[in-house]
Amino acid sequence: MSRIPRIVILGAGYGGIVTAIRLQKELNYNEADVTLVNKHDYHYITTHLHMPAAGTDNPENARVNILKLIDEFKIDFVKSTVVQIRPQEKKVILEEGTLSYDYLVIGLGGEPETFGIPGLKEYALNIRSINSVRFIREHIEYQFARFKREPSRTDYLTFIVGGAGFTGIEFVGELADRIPELCKEFDVDPSLVKIYNVEAAPTALPGFDPELVEYAMNVLKNKGVTFKIATAIKECTPEGVVLATGEEIKSATVIWTGGIRGNHMLDEAGFETMRGRIKVDETLRAPGHENVYVLGDCSIVMSPEGRPYPPTAQISMQQADVCAHNLVAQIRGSQLKSFEYKPKGTVASLGRGEAIGIVGSKKIKGGTAAVMKKIVDLRYLYIIGGIPLVLKKGRF
């Protein structure tokens, strides 16, 4: 290749931003032309979004300006929306033009998985971006204001969260903390407010340690959350939800956290997908495309037991490290690395001062786990932005 190879990274989520940061450290000047494409000029910390959605934190704390994280002499940043990927032509179509590439990194993030449940797409809200959480927070406050004008409408004070995975559990924990403040602000009787967490699986936090799940549910029940476990949502309507049991819950607020699928553009590009995700090879490349890497929600990585790992921030960051190494290796003609996921532990917050987690083989809960959650957050800020970002965004 006589000219400098072109690397295009689509998406500045966990996988995309960490790949860009690693490449700018590893590559020499003029060794590759790297372009990062993202529809916003900021990176947002997805694992933090449940807090501003509930109104317990400012959305600004969940976002970081991309130009503060990258070296513009080494990485070109293009603020644009990806419209189409054309792997056969080695091109990406953007809203404002076209980019050609020699190597492509797809980290476009996922889309809500509705499992075909009627009405979810139309009537439920999703915790997916800075703008979506701003909307949810304002929507929740608006329901309290509406109730003051129509005191017979207790459905304004009924909040349904579909899905009791990590996002659902963390969100109801924050929402339960926020409700007393809203009741005081709007002079509403707290006993009129209802929070339901509905989960189709036989347990909340499926796959998590049962002892810790029980602890989490007890903490949240004491905060006023009503669980409906092993109960599917059959339909979402403008009036609320209909459950598989036939029960109807009237609510003006349904928030769906019940699953993520890959990006629709992968199907459209002709890649072989499962629920919009590409099952990558051991080097994180799309099968049959030795110049296309796929990370995060867009990828499927199988565990040694033959099950797909859940697409978490932790796995995306580890993928980014291997992806950056392999891109540099391909350019220099050296050995590629195989990806091997090394879980470093998992912590789920349950609202103010409460959390559960597994670190190594150790179970933690309560205040200890809440502190660990903060440490995990600070570590990520340090990885992407060093001490200055920790000092700016990291708050206990």
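On a predicted model such as this, the values are computed, not experimentally measured, just so you know.

Caption draft 1: Here's a closer look at the overall build of the protein. Within the protein, the secondary structure is distributed over nine helices and 25 strands. Here the C-alpha atoms of the protein give a radius of gyration of 22 Å, agreeing with the 21 Å that 2.2 N^0.38 yields for 396 residues. Taking the principal axes of its C-alpha atoms as reference, the protein extends roughly 75 × 40 × 40 Å. Among the 396 residues that make up the protein, the fraction classed as buried is 53%. Sequence-distant contacts in the protein: of pairs separated by 6 or more residues, those separated by 24 or more amount to 66%.

Caption draft 2: Local environment of the domain arrangement of the protein. For the protein, the domain assignment lists domain 1 (6-112 + 260-343 + 377-393) and domain 2 (125-256). Taken together, the contact pairs 21 residues of domain 1 with 16 residues of domain 2. Taken together, the two surfaces of domain 1 and domain 2 that pack against each other cover about 1700 Å², and 63% of this comes from carbon and sulfur. Linking domain 1 with domain 2 are two salt bridges, by the criterion used here. A salt bridge links R134 to E60, with the nearest nitrogen and oxygen atoms 3.2 Å apart.

Caption draft 3: Molecular detail of the packing of helix 4 (residues 130-149) against helix 5 (residues 166-186). Their axes nearest at 11 Å, the elements helix 4 and helix 5 cross at an angle of 40°. Compared by their axis directions, helix 4 and helix 5 come out oblique. Judged by the twist between their axes, the crossing of helix 4 over helix 5 is right-handed. Here I136, I140, E141, F144, A145 and K148 of helix 4 lie close against helix 5, whose contacting residues are F171, L175, R178, I179, L182, C183 and F186. Class assignment for the residues of the contact of helix 4 with helix 5 results in 10 nonpolar, no polar and three charged.

Caption draft 4: The sheet that holds strand 18 (residues 253-256), seen in detail. Reading across from one edge, 11-18-12-13-14 is the order of the five strands in this open sheet, with parallel pairing throughout. Edge positions in the open sheet fall to strand 11 (125-126) and strand 14 (225-229), since each of these has one partner strand only. Bridge count between strand 13 (residues 194-199) and strand 14: five bridges; the pairing is parallel. When the bridges of strand 14 are listed, N197 appears paired with F227. Running over the sheet, helix 5 touches strand 12 (158-162), strand 13, strand 14 and strand 18 and is turned about 175° from strand 13.

Caption draft 5: Spotlight on empty space enclosed by the protein. The tally for this structure, following the rule as stated, stands at one cavity of 30 Å³ or more. Put simply, the largest cavity is a space of about 40 Å³. The wall of the largest cavity is formed by G296, S299, I300, V301, Y309, P310, P311, I315 and Q319. Those elements giving two or more residues to the lining of the largest cavity turn out to be strand 22 (299-300) and helix 8 (313-332). Considering only residue class, the lining of the largest cavity consists of six nonpolar, three polar and no charged.

Caption draft 6: Focus on the environment of P210. Structurally, P210 is set in helix 6 (residues 210-222). The class of P210 is exposed, set by a relative accessible area of 64%. Separated by 99 residues in the primary sequence, P210 and E111 place their C-alpha atoms 29 Å from one another.

Caption draft 7: How the structure looks around the environment of D177. Considering the arrangement of structural elements, one finds D177 in helix 5. Judged by relative accessible area, which is 10%, D177 ranks as buried. Sequence spacing of D177 and E96 is 81 residues, and the spatial spacing of their C-alpha atoms is 43 Å. A polar atom in the side chain of D177 sits 2.9 Å from the side chain of K223.

Caption draft 8: A look at the pattern of salt bridges. For the structure shown, the criterion picks out 22 salt bridges. For K363, the salt bridge identified is with D209, shortest N-O distance 3.2 Å. With a gap of 154 residues between them, K363 in strand 25 (residues 362-365) and D209 in the loop between strand 13 and helix 6 connect regions that are remote in the sequence. A relative accessible area of 40% means that K363 is categorised as partly exposed. Judged by relative accessible area, which is 16%, D209 ranks as buried. Look at the salt bridges and you will find they share partners, linking E141, R178, E181 and R352 into a network.

Caption draft 9: Expanded view of the pairing of strand 16 (residues 240-243). As paired strands, strand 15 (residues 233-237) and strand 16 are joined by four bridges and run antiparallel to one another. Bridging across to strand 16, T237 finds its partner in G240. Two successive antiparallel strands, strand 15 and strand 16, enclose a turn made up of two residues. Here three bridges tie strand 16 to strand 17 (residues 248-250), and the two strands are oriented antiparallel to one another. From the neighbouring strand, G240 faces strand 17, where its bridge partner is K250.

Caption draft 10: View of the sheet that holds strand 5 (residues 75-79). The five strands are arranged 5-2-1-9-21 in an open sheet whose pairing can be described as parallel. Lying at the two open borders of the sheet, with one neighbouring strand each, are strand 5 and strand 21 (292-294). Mean inter-strand twist for the sheet, computed between neighbouring axes without regard to direction, equals 15°. Bridge analysis of strand 9 (residues 103-106) against strand 21 gives three bridges, and the strand direction is parallel.

Reading the values: the criteria
- Residues numbered from 1 in each chain as written.
- Predicted model: local features only at pLDDT ≥ 70, side-chain atom pairs only at ≥ 80, totals over all residues.
- Heavy atoms only, no water.
- Helix = DSSP H or I, 4+ residues; strand = E, 2+ residues; numbered from the N terminus.
- Rg over C-alpha atoms; globule rule 2.2 N^0.38 Å.
- Buried < 20%, exposed > 50% of the residue type's maximum accessible area, 1.4 Å probe, protein only.
- Contact = heavy atoms within 4.5 Å.
- Domains from an automatic or database assignment.
- Buried area = accessible area lost by both parts, 1.4 Å probe.
- Salt bridge = Lys/Arg side-chain N within 4 Å of Asp/Glu carboxyl O.
- Axes fitted to C-alpha atoms, helices over the stretch in contact; angles between N-to-C directions.
- Parallel < 35°, antiparallel > 145°, perpendicular 65-115°, else oblique.
- Left-handed = near helix turned anticlockwise from the far one by under 90°.
- Nonpolar A, V, L, I, M, F, W, Y, C, P; charged D, E, K, R; others polar.
- Pairing = 2+ DSSP bridges.
- 1 Å grid on protein atoms, 1.4 Å probe; cavity = no way out; pocket = protein on both sides within 12 Å on 5 of 7 lines; lining within 4 Å.
- Points joined across faces, edges and corners; volume = space filled by probe spheres on them.
- Polar contact = N/O pair within 3.5 Å; in protein donor to acceptor, adjacent residues only side chain to side chain.

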